[in-house]
Amino acid sequence: MAGVPGQGWAWTPGAGRALAGDWSRELGVGLHCSCSETSLPPKHPQPRVGLGLLPFFLACAIYLLVQNSTDQPSWVSALLKILPIFYLAGFLGTAYPCGGYRSLLQGALLCSAVGDACLIWPEALLYGMAAFGLAHLLYLRAFGLTPLKPGLLLPLLLVSGLYFGLLHPHVPPHMVWPLLAYSIVLVAMLWRGLARGGSAHWGALLFVLSDTVLAWNTFTHRVPHGHLLVMTTYYSAQMLITLSAFQNPRLKSH
């Protein structure tokens, strides 16, 4: 409709087209807004990891208390030892988004549980090293090669080579090559964990610290409270690597 001075309102074809255009524009805006609102992806908040980890801490405390009271290897001791690791593997099921990273961490935790059980008996040391070697390969695959950060690798190789040289005179001949192979895989895992950053960075460091004390305790001299130091750093390492699955996937590693 268009206004004609002095004659009130009169209908013209041009006004009808203009009004129709206004309606169509308003309707288009309304449809666009409603579609934009309905197309938003649903939010998947991460669970409260602090409360979720309480059973893990309780299982760790029970094992350390029981193990401190007896040095005799048993299936009960093995079960109590691997219970915290099994819990972490199950706890990973609550991480979002699900995918390859989470699955690789769960596989590494299950391999670690096998290694933990084997290490209860000294004669099963090689089997335990094999299980943990596979766990580190899975961690290595999970951490990926981006960012590469090759400058980290050389210092790690030099330090690990020096430490292996200190251990070598005390290592039985049949254990030298398996220990060397395991050390290489462990250093590679540490390299990728440091490169990834976040809690995986600290988890990889604590894992290496735990294995360093364990190797010295096994092949050279007993470290005072060595078992307590090994297990506390080990459980902390596995927990921190597990928590890396709960970090915002949009955050970049540095």
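Definitions and cut-offs
Residues numbered from 1 in each chain as written. Predicted model: local features only at pLDDT ≥ 70, side-chain atom pairs only at ≥ 80, totals over all residues. Heavy atoms only, no water. Axes fitted to C-alpha atoms, helices over the stretch in contact; angles between N-to-C directions. Helix = DSSP H or I, 4+ residues; strand = E, 2+ residues; numbered from the N terminus. Parallel < 35°, antiparallel > 145°, perpendicular 65-115°, else oblique. Left-handed = near helix turned anticlockwise from the far one by under 90°. Contact = heavy atoms within 4.5 Å. Core = buried A, V, L, I, M, F, W, Y, C linked by side-chain atoms within 4.5 Å. Buried < 20%, exposed > 50% of the residue type's maximum accessible area, 1.4 Å probe, protein only. Phe/Tyr/Trp six-rings, centres within 6.5 Å; stacked < 30°, edge-to-face > 60°. Lys NZ or Arg CZ within 6 Å of the ring centre and 35° of its normal. pLDDT = per-residue confidence, 0-100. Nonpolar A, V, L, I, M, F, W, Y, C, P; charged D, E, K, R; others polar.

A. Spotlight on the packing of helix 7 (residues 153-167) against helix 9 (residues 198-219). Relative to each other, helix 7 and helix 9 sit at 15°, their axes nearing to 11 Å. Viewed along their axes, helix 7 and helix 9 adopt a mutual orientation that is roughly parallel. Read as a crossing pair, helix 7 and helix 9 show a hand that is left-handed. Contacts between helix 7 and helix 9 pair Tyr163, Leu166 and Leu167 from the former with Thr212, Ala215 and Trp216 from the latter.

B. Quick look at unusual backbone geometry. Along the chain, Thr146 connects to Pro147 via a cis peptide bond; the corresponding omega equals -5°. Notably, Lys149 is not glycine yet its phi reads approximately 50°, a positive angle. For His225, which is not glycine, the phi dihedral falls at a positive 55°. Along the chain, His225 falls in the loop between helix 9 and helix 10 (226-243).

C. Examining the nonpolar core more closely. Among the nonpolar cores identified, the biggest contains 64 residues, and Leu105, Tyr139, Phe207 and Tyr235 are the most heavily contacted of them. Of all the elements in the fold, those that place two or more residues in this core are helix 3 (54-69), helix 4 (75-91), helix 5 (100-119), helix 6 (125-143), helix 7, helix 8 (173-196), helix 9 and helix 10. Tallying contributions element by element places helix 8 first for this core, with 10 residues. Among residues more than four places away in sequence, those in contact with Phe207 are Phe132, His136, Tyr139, Met189, Tyr234, Ala237, Gln238 and Ile241.

D. Quick look at the packing of aromatic side chains. Inspection of the entire model under this criterion finds 12 aromatic pairs. Their ring planes at 55° and their centres at 4.8 Å tell us that Trp75 and Trp121 sit as a pair that is tilted. Here Trp121 lies in the loop between helix 5 and helix 6 and Trp75 lies in helix 4, a separation of 46 residues in the sequence. Both rings, one in Phe132 and one in Tyr234, keep their centres 5.9 Å apart while their planes meet at 85°; by these two values the pair is edge-to-face. Taken together, the positions of Phe132 in helix 6 and Tyr234 in helix 10 put the pair 102 residues apart, joining distant regions of the chain. When sorted by exposure, Phe132 lands in the same class as Tyr234, which is buried. Members of the aromatic cluster, joined through ring pairs, are Phe56, Phe57, Tyr63, Phe132, Phe207, Tyr234 and Tyr235. The side chain of Arg192 reaches across the aromatic face of Trp191, ending 4.6 Å from its centre.

E. Expanded view of the confidence of the model for the protein chain. Looking at the protein chain as a whole, the pLDDT averages 85, with 79% of positions reaching at least 70. Counting contacts from residues 1-13, a segment whose pLDDT is below 50, to residues more than four positions away or on other chains yields 12 contacts. Counting interchain partners and residues more than four positions distant, the pLDDT-below-50 stretch residues 15-20 has 3 contacts.

F. Structural detail: the packing of helix 4 against helix 10. Where helix 4 contacts helix 10, the axes come no closer than 10 Å and their chain directions differ by 10°. In this view, helix 4 runs roughly parallel relative to helix 10, as classed from their interaxial angle. When helix 4 is examined against helix 10, the residues Leu80, Lys81, Pro84, Ile85, Leu88 and Phe91 are found in contact with a partner set consisting of Met231, Tyr234, Tyr235, Gln238, Met239 and Thr242. A breakdown of the residues in the contact of helix 4 with helix 10 according to their chemical character gives 9 nonpolar, 2 polar and 1 charged.

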